[in-house]
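In case you want the letters, here they are:
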Protein chains: 2
Amino acid sequence: MSTPLAPVKVAILGPGTVGSEVVRLLTQEAGDLAARVGAPLEIIGVYVRDTSKDRGPHLPPALLTSDASALVAQADVVVELMGGIEPARTLILEAIASGASVVTANKALVAAHGPELYEAADAANVDLYFEAAVAGAIPLVRPVRESLAGDHITRILGIVNGTTNYILDEMTRRGLDYDVALKQAQELGYAEADPTADVEGHDAAAKAAILASLAFHQRVALDDVYCEGISAITADDVIAARETRQVIKLLAIAERTGGGVTVRVHPALVGEDHPLAGVHGAFNAVFIEAESAGGLMFYGQGAGGTPTASAVLGDIVSVARHKATGGKGPLESNYAVHEVLPIDAAQTRYCIRMAVEDRPGVLAAVAAVFQEHGVGIEIVRQVPGQTHAGLILSTYAAPERDLRATVEGLRASDAVAEIKSVLRIEGE
Amino acid sequence: MSTPLAPVKVAILGPGTVGSEVVRLLTQEAGDLAARVGAPLEIIGVYVRDTSKDRGPHLPPALLTSDASALVAQADVVVELMGGIEPARTLILEAIASGASVVTANKALVAAHGPELYEAADAANVDLYFEAAVAGAIPLVRPVRESLAGDHITRILGIVNGTTNYILDEMTRRGLDYDVALKQAQELGYAEADPTADVEGHDAAAKAAILASLAFHQRVALDDVYCEGISAITADDVIAARETRQVIKLLAIAERTGGGVTVRVHPALVGEDHPLAGVHGAFNAVFIEAESAGGLMFYGQGAGGTPTASAVLGDIVSVARHKATGGKGPLESNYAVHEVLPIDAAQTRYCIRMAVEDRPGVLAAVAAVFQEHGVGIEIVRQVPGQTHAGLILSTYAAPERDLRATVEGLRASDAVAEIKSVLRIEGE
């Protein structure tokens, strides 16, 4: 523990892009940061696996250590930028046990072990901040935890994966096919050689679990998050969406429903006038609906060394200020208030695009399938086709399980030649 | 001062729409708020001028008092929702002097006397929170003060007046004339019978002063804010903007330039792909550019009793939590770091729409005026006209004073029949 004018001792775990940028900013902005914290910040060491490797001018050899536990034991503030579950989890628990506050940017760890870490921090009366783990540079944790502390969040819709937003945006703006847009994203460095974690929604699912936990004080395991990616989206889907003034976005959704909370990731149709529709390129945005505040949106860069370092530094200033002057950030308590429900319980709207037989009575046959499952049809559009007629139907909101059963019924119907796509409509 | 479990005593000044909504929420959410604060919140009284008037079920007569000073003297937290400069200013200073923390939604007061109030709060070691004074429900103060505490903001562009955004949005989306859109806004309650404060930019100017103060730790007097409204914007301006994929927005801009800070409010051309272009209706949004974080945007409702009450309640929870458990929000210190410069020093880009004589040599004559003042022309578009040719020119960035001199030179030129409009281009 520090007295107000003694330096706050900061340990950095992980010398990657974000870590070295954080060290650079801590060094270059030392005077300004000391004024904001109320005490100087002293970097007491940077944990690396291999201390002999040259790390550039911001990480001189004298700062480096390969003994993470010894470093953590001396720190007031531990900044974990290693990624992965272990040894990050153990080192953070050691830091908390020794009375240090913790800042982490580790999405995988917070998604998988957040509640365990929050509880340890609460018990030790130290801070655990993780702004950079949710949506990179976008300030989200403070607004949700503090600004909305007297309000009730009912729903969060997030564009939380830049790679997939870039791909969908290129498909929308340039009419590209999915494969072409993915290849372009890989060439530009927006997508990795193996893009699975992004395009199949796994990265977004981890962030959805953290968002749900923030919004609803809710323990959400990654396995509770329903997850569907964008690899099945076609140029035709994008064109059909545009015809009804909608765009396709991959959304992370956490929603309070009657009996509990549902958390899901899937592509969705969003109206062109919705602020999420204006999120282009690799940017991220999180749209929050709250009872009193109404709709709020937070937009910015969701990844990248420098933007992420900005979020990490904001957290360092907050927890160091608490160390220097007393006080502590808001508690994460009251867990498990709501039950986490499977996606079957979610109320959604479907837009179903299909090819149907071109003969009388087909529309009646299709409508009968919807009626059988209690799903209301809001809009039907017929579009000309080659061998079959095209039909695009938008439903009213209905339980996901009934919507799925309807699609199964359509697949089994003689009137339907092919289900071309099924997209949920969100943001209304 | 309260011990952790003793109630935090809250005094409400002003029983208007926001005040009664705040009282309703404090009452209905008492259990939840107590858990978040760490102590119960007790409303010890509501100051009203006339205690005999019926204020509805949320403000029973027993809570009402007409002695504001006596009420303030007993409170741990004073919530000022009266509006106007006096007696609000004096009561807030009394509250601070007696050791109470203060929450205010009073835009006019914070714009005019913010620095005096911050200094008094710092000296007394109490909190002064004013989230609702900047942009209604949008969490902005915490992100700027805390999340970006390790970063440097270079520019803020804000749509901070819902009335003018509604009018401009209707002009853009429905092709309405200004007068028609204004009348419609008045009929729907978005604009007042006397719309001057909104349409001439005075309301936005007060918010611009607060934003500049937040972003740059800068004392900005309202008189330092250059202010131009939207009443001169025509349907033709909107059409010309659309032809170059731009929209017109009234922006509050605070910008760090070489020698200091400029703060201004004026209509501006914003590219259709900029997130500010997707802000429709009476919504507000603030776009922040920071050195490390890059571009961030915060979107939501800028006015209205319930959204504003949400922001006030978030502040009450924060300051009450500090009262109950120790600690204090971040200081506002280090004022007057930059000089506030007149708009002449700002670097801007102009889009000039004019009617010119339809004869050879006109373009050369026009170009000579730009060259004389050292202003570069980026794009020239010629559009057909009846008696005159139309010319639309976009400049490169140049000092505002040179751009103005160029426009004066064009007005004086024989080649130019009429300057139809001059709009600045922002957000690039």
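Residues numbered from 1 in each chain as written. Chains lettered and ligands numbered in written order. Predicted model: local features only at pLDDT ≥ 70, side-chain atom pairs only at ≥ 80, totals over all residues. Heavy atoms only, no water.

- An unreviewed UniProt entry annotates chain A as Homoserine dehydrogenase of Demequina mangrovi.
- Recorded under Sequence similarities (unreviewed entry), the UniProt text for chain A is reproduced unchanged: "Belongs to the homoserine dehydrogenase family."
- According to the UniProt record, the Cofactor (unreviewed entry) comment for chain A is "a metal cation". (UniProt positions renumbered as here; feature names shortened; annotations may be inferred.)

1. Overview of the overall build of chain A
- Each helix and strand counted, chain A has 15 helices and 18 strands in total.
- Its C-alpha atoms give chain A principal-axis dimensions of roughly 85 × 45 × 35 Å.
- Across the 428 residues of chain A, 58% fall into the buried class.
- A fraction of 73% describes how many contacts in chain A between residues 6 or more apart in sequence connect residues 24 or more apart.
- Here chain A displays about 15900 Å² of accessible surface, and carbon together with sulfur accounts for 51% of that area.
- Looking at chain A, you have 33 positive and 54 negative side-chain charges, and the mean spots of the two groups are 3 Å apart. (Helix = DSSP H or I, 4+ residues; strand = E, 2+ residues; numbered from the N terminus. Buried < 20%, exposed > 50% of the residue type's maximum accessible area, 1.4 Å probe, protein only. Contact = heavy atoms within 4.5 Å. Areas by Shrake-Rupley, 256 points an atom, 1.4 Å probe, with all protein chains shown as cover. Lys, Arg positive; Asp, Glu negative; His and termini not counted. Charge placed at Lys NZ, Arg CZ, Asp CG, Glu CD.)

2. Some words on the relation of the copies chain B and chain A
- In the superposition of chain B on chain A (RMSD 0.1 Å, axial shift 0.0 Å), the rotation amounts to 180°. What we have between these two chains is a two-fold relation.
- When the interface residues of chain B are mapped onto chain A, 100% of them again fall at the interface, so both copies present the same face. (Least-squares fit on C-alpha atoms with pLDDT ≥ 70 in both.)

3. Some remarks on the UniProt feature "binding site: NADPH" (unreviewed entry) in chain A
- Within the UniProt annotation, "binding site: NADPH" (unreviewed entry) is assigned to K107 of chain A.
- Secondary-structure assignment places K107 of chain A in helix α5 (residues 107–124).

4. Things to note about the nonpolar core
- By size, the foremost hydrophobic cluster in this structure holds 166 residues, and its most contacted members are V78, F130 and I167 of chain A together with F130 and I167 of chain B.
- Not counting the four nearest positions on each side in its chain, F130 of chain B is found in contact with T104, V110, Y118, V141, R145, I210, L214 and D315 of chain B. (Core = buried A, V, L, I, M, F, W, Y, C linked by side-chain atoms within 4.5 Å.)

5. A look at the sheet that holds strand β4 (residues 77–80) of chain A
All names here are of chain A.
- The parallel open sheet is built from six strands, whose spatial order is β3-β2-β1-β4-β5-β6. Two strands close off the open sheet at either side, each with one partner strand: β3 (64–65) and β6 (128–129).
- In terms of strand pairing, β4 meets strand β5 (residues 101–104) through four bridges, oriented parallel. Among the inter-strand pairings, E80 is bridged to a residue of β5, identified as T104. (Pairing = 2+ DSSP bridges.)

6. Digging into the interface of chain B and chain A
- Of the residues lining the interface, 52 residues belong to chain B; the matching set on chain A comes to 52 residues.
- Of the roughly 4000 Å² buried between chain B and chain A, counting both surfaces, carbon and sulfur atoms make up 50%.
- Between the two partners, chain B and chain A, sit four salt bridges.
- For R173 of chain B, the salt bridge goes to D273 of chain A, with nearest N and O atoms at 2.6 Å.
- At the surface where chain B touches chain A, the tally comes to 13 residue pairs in polar contact (both at pLDDT 80 or more).
- Of all elements in the fold, only α2 (30–37), α7 (141–147), β11 (283–290), β12 (294–301) and α13 (305–325) of chain B reach the threshold of two or more residues within the side of chain B that touches chain A.
- Summarising the sheet, strand β12 (residues 294–301) of chain A and β12 of chain B pair through three bridges and their orientation is antiparallel. Residue Y299 of chain A lies in a different strand from β12 of chain B, and its bridge partner there is M297 of chain B. (Buried area = accessible area lost by both parts, 1.4 Å probe. Salt bridge = Lys/Arg side-chain N within 4 Å of Asp/Glu carboxyl O. Polar contact = N/O pair within 3.5 Å; in protein donor to acceptor, adjacent residues only side chain to side chain.)

7. Thoughts on the pattern of salt bridges
All names here are of chain A.
- A full pass over the atoms with the stated rule returns 59 salt bridges over all chains.
- Between R353 and D237 there is a salt bridge, and its shortest N-O distance comes to 2.6 Å. One end of the pair, R353, is in strand β14 (residues 347–356); the other, D237, is in helix α12 (residues 235–243), with 116 residues separating them in the sequence.
- On the basis of relative accessible area, R353 is assigned to the buried category, the value being 12%.
- Taken together, the salt bridges that share partners define one network made up of R155, E255, R264, E289 and E426.

8. Regarding the domain arrangement of chain A
All names here are of chain A.
- When the domains of chain A are assigned, the result is domain 1 (8–137 + 305–325), domain 2 (150–301) and domain 3 (346–425).
- One C-alpha centre belongs to domain 1, the other to domain 2, and the line joining them spans 29 Å.
- Run the count over domain 1 and domain 2 and you get one salt bridge.
- K107 serves as the salt-bridge partner of D203, at 2.4 Å between the closest nitrogen and oxygen.
- The tally of links from domain 1 across to domain 2 stands at two residue pairs in polar contact (both at pLDDT 80 or more).
- Mapped by element, the contributors of at least two residues to the side of domain 1 that touches domain 2 are α5 and α6 (131–135).
- Grouping the amino acids of the side of domain 1 that touches domain 2 by side-chain chemistry returns 10 nonpolar, one polar and two charged. (Domains from an automatic or database assignment. Nonpolar A, V, L, I, M, F, W, Y, C, P; charged D, E, K, R; others polar.)

9. What to know about the sheet that holds strand β1 (residues 8–13) of chain B
All names here are of chain B.
- Strands sit in the order β3-β2-β1-β4-β5-β6 across an open sheet of six strands; the sheet is parallel. Taken across any chain shown, the strands that pair with only one partner, and hence form the sheet edges, are β3 (64–65) and β6 (128–129).
- Looking at chain direction, β1 and strand β2 (residues 41–47) are connected through six bridges and run parallel. Opposite V10, over in β2, you have I43 as the bridge partner.

10. Observations concerning the environment of T244 of chain A
Residue and element names in this part refer to chain A.
- Among the secondary structure elements, T244 is positioned in the loop between α12 and β9 (246–257).
- The class for T244 is partly exposed, based on a relative accessible area of 34%.
- Reaching out from T244, the side chain makes a polar contact with the side chain of Q246 at a distance of 3.0 Å.

11. Considerations on the packing of aromatic side chains
All names here are of chain A.
- Tallied over the entire structure, the rule returns nine aromatic pairs over all chains.
- Between F283 and Y299 the ring centres are 4.9 Å apart and the planes differ by 10°, which places this aromatic pair in the stacked class. Taken together, the positions of F283 in strand β11 (residues 283–290) and Y299 in strand β12 put the pair 16 residues apart, joining distant regions of the chain.
- What makes Y299 buried here is its relative accessible area of 5%. (Phe/Tyr/Trp six-rings, centres within 6.5 Å; stacked < 30°, edge-to-face > 60°.)

12. Observations concerning helix α15 (residues 400–412) of chain A
Residues and elements named next belong to chain A.
- With 13 residues, α15 extends 19 Å from end C-alpha to end C-alpha; this agrees with the ideal 18 Å at 1.5 Å per step.
- Buried within α15 are the following residues: E400, L403, T406, V407 and L410. Taken down its axis, α15 places every buried residue within 120° of arc, on the same side.
- Of the surrounding secondary structure, the elements contacted by the buried residues of α15 are β14, α14 (362–372), β16 (389–395), β17 (398–399) and β18 (416–425). (Expected span 1.5 Å × (residues − 1). Arc of directions from axis to C-beta.)

13. Here's the deal with the packing of helix α1 (residues 17–28) of chain B against α13 of chain B
Residues and elements named next belong to chain B.
- Interhelical geometry of α1 versus α13 gives an angle of 55° and a closest axis separation of 9 Å. As far as their axial angle goes, α13 and α1 are oblique. Taken as a pair, α1 and α13 cross one another with a handedness that is right-handed. On α13, the residues touching T17, V18, E21, V22, L25 and L26 of α1 are G305, T306, T308, A309, V312, L313 and I316. (Axes fitted to C-alpha atoms, helices over the stretch in contact; angles between N-to-C directions. Parallel < 35°, antiparallel > 145°, perpendicular 65-115°, else oblique. Left-handed = near helix turned anticlockwise from the far one by under 90°.)

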